[in-house]
Amino acid sequence: MIMSKWIAQVPAVVDMWYGGQEGGNAIADVLFGQANPSGKLPVSFVKEWKDSPAYGHYPGENLQVDYAEGIYVGYRYFDKQNVEPLFPFGYGLSYTKFSYSDLKISPSETSPGQVVEVSVRVRNSGSRSGAEVVELYVHDGHASVDRPVRELKGFQRVELAAGETKEVHFTLDRAAMAFYSTAKKDWVTEPGEFEILVGSSSRDLRMKGSFVLRP
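Computed from a predicted model, the values in this text were never measured in an experiment.

What counts as what
- Residues numbered from 1 in each chain as written.
- Predicted model: local features only at pLDDT ≥ 70, side-chain atom pairs only at ≥ 80, totals over all residues.
- Heavy atoms only, no water.
- Phe/Tyr/Trp six-rings, centres within 6.5 Å; stacked < 30°, edge-to-face > 60°.
- Helix = DSSP H or I, 4+ residues; strand = E, 2+ residues; numbered from the N terminus.
- Buried < 20%, exposed > 50% of the residue type's maximum accessible area, 1.4 Å probe, protein only.
- 1 Å grid on protein atoms, 1.4 Å probe; cavity = no way out; pocket = protein on both sides within 12 Å on 5 of 7 lines; lining within 4 Å.
- Points joined across faces, edges and corners; volume = space filled by probe spheres on them.
- Nonpolar A, V, L, I, M, F, W, Y, C, P; charged D, E, K, R; others polar.

## What about the packing of aromatic side chains?
Okay, so step 1: Evaluation of the coordinates by the stated rule reveals eight aromatic pairs.
Okay, so step 2: An angle of 65° between the planes, with centres 6.3 Å apart, marks the rings of F45 and F87 as edge-to-face. One end of the pair, F45, is in the loop between α1 (23–31) and α2 (75–81); the other, F87, is in the loop between α2 and β1 (98–106), with 42 residues separating them in the sequence. In this pair, the class of F45 matches that of F87, namely buried.
Okay, so step 3: Judged by centre distance (5.5 Å) and plane angle (10°), the rings of F194 and F211 are stacked. Here F211 lies in strand β10 (residues 204–213) and F194 lies in strand β9 (residues 192–201), a separation of 17 residues in the sequence. For the pair F194 and F211, one class covers both residues: buried.
Okay, so step 4: Taken together, F45, F87 and Y91 form an aromatic cluster joined through their ring pairs.

Structure follows, in structure tokens:
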């Protein structure tokens, strides 16, 4: 869906997806402020069709499509090509605001058989109760193969009253650090430093830390 031709002419956009038979009542509650919207986009919206990772491949020729994007679909493509989407993956507005603090990663060094615990404090700094979806991404900058700039490895929805703070926890196991090796035909983890990024969307990352995976 290309929205660039009209998006600047409207004060707001509400995307209710598949609302069902009570969709009318639900959207009325949101529009009149009786309910606080708190959804996040499961896709990225492009500014132009040429910004899409499928551009140049779809719809193909003679009913044949070349899926040439490889691992670079969705937000991975936009990050890799440094393309700014209209609305990024994980984006969503609210009638309140949320702040992040006190990112903790434990242990700071680990081995492939151990898990890494990540926590962050989230505060509703506005005047309305609401829900935030906290997203955690992992960046592997030392892999021997091509990997995305960052990959979503966890997300949690947290309900917060106005002024309330809660601590959100994530557990990262071996799968969060691994990639599939076509040479070894198995999932592989390689030692090195992994960066942890936590925030409100794939392009709104508020906290950053790291841990080291030992051989």
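## Examining the layout of surface pockets
Okay, so step 1: One number sums up the size of the largest pocket: a volume of about 930 Å³.
Okay, so step 2: Lining of the largest pocket is provided by 31 residues; of these, V13, V14, D15, P37 and G39 occupy positions nearest its centre.
Okay, so step 3: For the lining of the largest pocket, the class distribution of residues is 22 nonpolar, seven polar and two charged.
Okay, so step 4: Put simply, the second largest pocket is a space of about 330 Å³.
Okay, so step 5: Taken together, 17 residues make up the lining of the second largest pocket; nearest its centre are I71, D146, R147, F179 and Y180.
Okay, so step 6: At the level of secondary structure, the elements contributing two or more residues to the lining of the second largest pocket comprise β5 (151–160) and β7 (179–181).
Okay, so step 7: Partitioned by chemical class, the residues of the lining of the second largest pocket number nine nonpolar, three polar and five charged.

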